[in-house]
Each structure stands twice: as structure tokens, then as C-alpha cells.
Amino acid sequence: MKAWVLGGPDELRLVEKPVPRPGAAEVLVRIGATAVCGTDLEVIHHGPPALIQGGLPFNKNFTPGHEYMGTVAQLGPGVDEFDVGDRVAVEIHAGCGRCERCREGMYTACINYGMNYGDRDKGHRANGFTTDGGFAEYAVNHVNTLVPVPRDMSDEDATLIVTAGTVIYGLDVLGGLVAGQSVVVTGPGAIGLMGVGVAKALGASPVVLTGTERDRRRLEIGRKLGADEVVDVSREEVVAAVMRITRGRGAHYVLECSGAPNALNDAAHMVSRGGRICLVAFPHAPVPVDVAHLVSNNIYVFGIRGEGRSATRRAAALMAQKRFPAKLLHTHSFPLEEVPTAIRYAAERIEDAIKVVVRMR
Ligand SMILES: [Zn+2]
Ligand SMILES: [Zn+2]
């Protein structure tokens, strides 16, 4: 099969690889489409969070790409949960299935992350991070990671199921969303925009989206996805804006999707006393945090990685109901041969790219 592999940093090569064989409880997926994610850019440029044979993923014949969908092409021994020909989206993390966190459904925080080699082989899998991923024609997936795709959903749109899964997991971790609770989403990237659509579909009110001047088009898309209010932080101070919108009470929840250095401090001043913040994005350098404000106001702060507790299944069900136009997130498609171009479009936001998708055929 054709597969892209990572050489040194920022060095991708299209090579021939053997088609992988599914083991027990696994299937072979013929990949239909793979979305480029911000984390792919991290992996290809810096290495982490990819972890191959205990180290950086460079020059190890490793295939990146983790947000993909496809068709079941072959069943491993004993698999009867799926049939050949079923269309599936995939969760990224299978985990190891044997550690405390995996047993709790927190397989994205698997304690045996990356341990799948040599005499420390705990069977951990997270395709595109610790095992081969989706910039290829085929991949092997554990049945636990497969989510059926609604018949009338396009391949490109199906790659967004996992994006919605991250948002749903974030809302789970916050304690669940009850209709009428207010949600502020900071940062209109793919996850932030998806956060708007999901929160609105689940009955949040109001839903507020924040972004900068540069995000003007994305803020417009946010409105179409259901944001009741959008705030351009280059025009209005963001905390003041949220206080104006919530009539001085502050929001119940903040989904922090910007990674801006002061985002946590801002979020802490946007939530009401006792409010909850979920950090989905993060700044690259350590930042000062006003801990006294968090503690004295009983503010809860959560960090999540990816999508645990089968959130992706609920995401697929919600997406199938078409209660918000998720397809607006998908802006560009490229063929498999043009993965480096797809990555450049995503990294440099060329033509205001949001979700760039690689199509296999
Ligand atoms: Zn991703
Ligand atoms: Zn585990």
C-alpha cells in the first residue's frame, strides 16, 4: 500500500508498505479520508505527543495521521461486531485495555501510553501517535475504536466525528451539559467551532464564541453553527464582553480552545463563582496563573486529552441528527499524493483553511 512516513522533522516521504494484518479483536480499515489536525503539525514538526519505541517518532517508518474514516476491508479472528463493507469513523486511542485508566474509560490517558514494543509490550495503540496512522491506504484498528458512520454522511464530514467526540468528552468531564447553561468557547479553530455546534445542539444558552480580528470569517461560521454571540477580542475586552452578555453573572462553562497565554486567567474571570473550565488547547510555554482567584472563587479547571469514555459514539449520533451544519468546518480536500500540501494549508491557514482533508481516492 501507499503510506506517508515521517523521516526527520518536517520530512514526509510517500513509500510502499505492506498492508497490515488485523489481529484478534481488530479489523483492517481501507481509509477513505483523513483530516489534518493541529496535533499532526506538532508531531511532524516536534515529535510529541507521538511516542514510538520509547522516543521521538523520527526515522522510524512511522505513518502519522489520526483523524480518519474508512471502510472495513478485512476482519481479524473472532470479530463479528462489524462486517466487511461497513463504513466507520475511528477513535484515535484504543489504549492498552489493561491499566487503571483504560478500565475507567479514560483510555486517552492510558498509563501504558506508547508501551507497545520489546519487553514492555502492553499492547497500547493510538493510531497516528504510538502506532501507524491514517496518511496511508490502510490501517488496523481495534473494534473498540470503530464508530459506524451514518449512510448519508460524506467521507469528509465523517472525519469530523472525532472532533465532535473531543467536545463531548470535554463537556462530560465538566459534569455534563444541562439545557440552559451558558457556554463560552474561546478560540474558533476546528474544535472551538465544533464546540459551538455541539453545545448549541445540546441546549446551551447562551453560546458565546470568542476570536480575534484574524478570525473574522471563522466567527461568522460560528454564528452559522449556533453561536448566540460572537466576540472579536480585538474590539472588545473579552471578560467585559462575557459579563455584558451574561448580565454580570459569568458563564457556567468555558471551553478553552485557543491556547492563548492568558486564556486560563481570562476564563477564570468569565465563569461564575463555582464555574468550570475545560482546557482543550494549551500555550507552548509555561504561563503565570492567578491561583488565588481560582481557589477563592471555587473555580474548577479540567484538562482533557482527546476523546475518552466512548464520547465519539455519542458524537456520531449527534452528528447524524444534523442539528448544526458541521460540514462548514471542512474547507479543503487534497488527494493522498498531496499530504504535504494539505499540511501546509492547515499550518499556514492558506485560504482561511479550517479542516483540511486528505482523500484516498
Ligand atoms: Zn486531532
Ligand atoms: Zn491503558
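This text follows the structure it describes.
The structure presented is a predicted model; accordingly, all values stated were derived computationally and were not measured.

**Student:** How should the nonpolar core be read in this particular structure?
**Tutor:** In globular proteins that are soluble, nonpolar side chains generally tend to be buried together. Ile 161, Met 194, Val 198, Leu 255, Met 319 and Phe 324 are the most contacted members of the largest nonpolar core, which totals 51 residues. Going through the elements one at a time, strand E3 (26–35), helix H4 (161–174), strand E10 (183–186), helix H5 (190–201), strand E11 (207–211), helix H6 (216–225), strand E13 (251–256) and helix H10 (311–320) are the ones with two or more residues in this core. Among the elements that make up this core, the one with the highest residue count is H4 (8 residues). Ignoring any residue separated from it by four or fewer positions in sequence, one finds Ile 161 in contact with Ala 89, Val 149, Met 153, Thr 312, Ala 315, Ala 316 and Met 319. With 40 residues, the next largest nonpolar core counts Trp 4, Val 79, Phe 129 and Ala 346 among its residues.

**Student:** How do you make sense of the environment of Ala 204 when you look at a structure like this?
**Tutor:** In this structure, Ala 204 sits in the loop between H5 and E11. By relative accessible area, which is 3% here, Ala 204 ends up buried. Expressed as a C-alpha distance, the spacing of Ala 204 and His 252, which sit 48 residues apart in the sequence, is 9.8 Å. Once residues within four sequence positions are removed from consideration, Ala 204 is found in contact with Leu 177, Gly 180, Gln 181, Val 183 and Ala 199.

**Student:** Can you walk me through the coordination of the zinc ion (ligand 1) in this structure?
**Tutor:** Expected angles at a metal are 109.5 degrees for tetrahedral coordination by four donors and either 90 or 180 degrees for octahedral coordination by six donors. For the zinc ion (ligand 1), every protein donor is listed as Cys 37 (SG), His 66 (NE2) and Glu 67 (OE), and the spread of their distances is 2.0 to 2.3 Å. Mapping the donors of the zinc ion (ligand 1) onto the primary sequence yields the spacing C-x28-H-E. Taken together, the residues Cys 37 in the loop between E3 and helix H1 (38–45) and Glu 67 in strand E4 (residues 67–75) connect sequence positions 30 residues apart. A residue is classified by how much of its surface remains accessible, and Cys 37, at 12% relative accessible area, is buried. On the basis of relative accessible area, Glu 67 is assigned to the buried category, the value being 7%.

**Student:** In this structure, what is going on with the pairing of strand E15 (residues 300–303)? I would like to understand it.
**Tutor:** Taken residue by residue, a regular strand's side chains alternate between the two faces of the sheet. With 4 bridges connecting them, strand E14 (residues 271–279) and E15 associate as parallel partners. Pairing of Arg 276 across the sheet is with Tyr 300, part of E15. Crossover handedness for the path E14 to helix H9 (residues 291–296) to E15: right-handed.

**Student:** Looking at this structure, I do not really get helix H7 (residues 238–245). What am I missing?
**Tutor:** What sets the pattern is the α-helix's 3.6 residues per turn: residues three or four places apart point alike. Residues of H7 that are buried: Val 238, Val 239, Ala 241, Val 242 and Ile 245. Considered in projection along H7, the buried side chains sweep an arc of 160° and stay on one side of the axis. In this structure, the buried side of H7 is in contact with E10, E11, strand E12 (229–232) and helix H8 (263–270). Where H7 starts, the residue carrying a side-chain oxygen 3.3 Å from the main-chain nitrogen of Val 239 turns out to be Glu 237.

What counts and how
Residues numbered from 1 in each chain as written. Chains lettered and ligands numbered in written order. Predicted model: local features only at pLDDT ≥ 70, side-chain atom pairs only at ≥ 80, totals over all residues. Heavy atoms only, no water. Core = buried A, V, L, I, M, F, W, Y, C linked by side-chain atoms within 4.5 Å. Buried < 20%, exposed > 50% of the residue type's maximum accessible area, 1.4 Å probe, protein only. Helix = DSSP H or I, 4+ residues; strand = E, 2+ residues; numbered from the N terminus. Contact = heavy atoms within 4.5 Å. Donors = N, O, S within 2.8 Å, 3.2 Å for Na, K, Ca; no water. Pairing = 2+ DSSP bridges. Right-handed = clockwise from strand over helix to strand, strands pointing away. Arc of directions from axis to C-beta. Polar contact = N/O pair within 3.5 Å; in protein donor to acceptor, adjacent residues only side chain to side chain.

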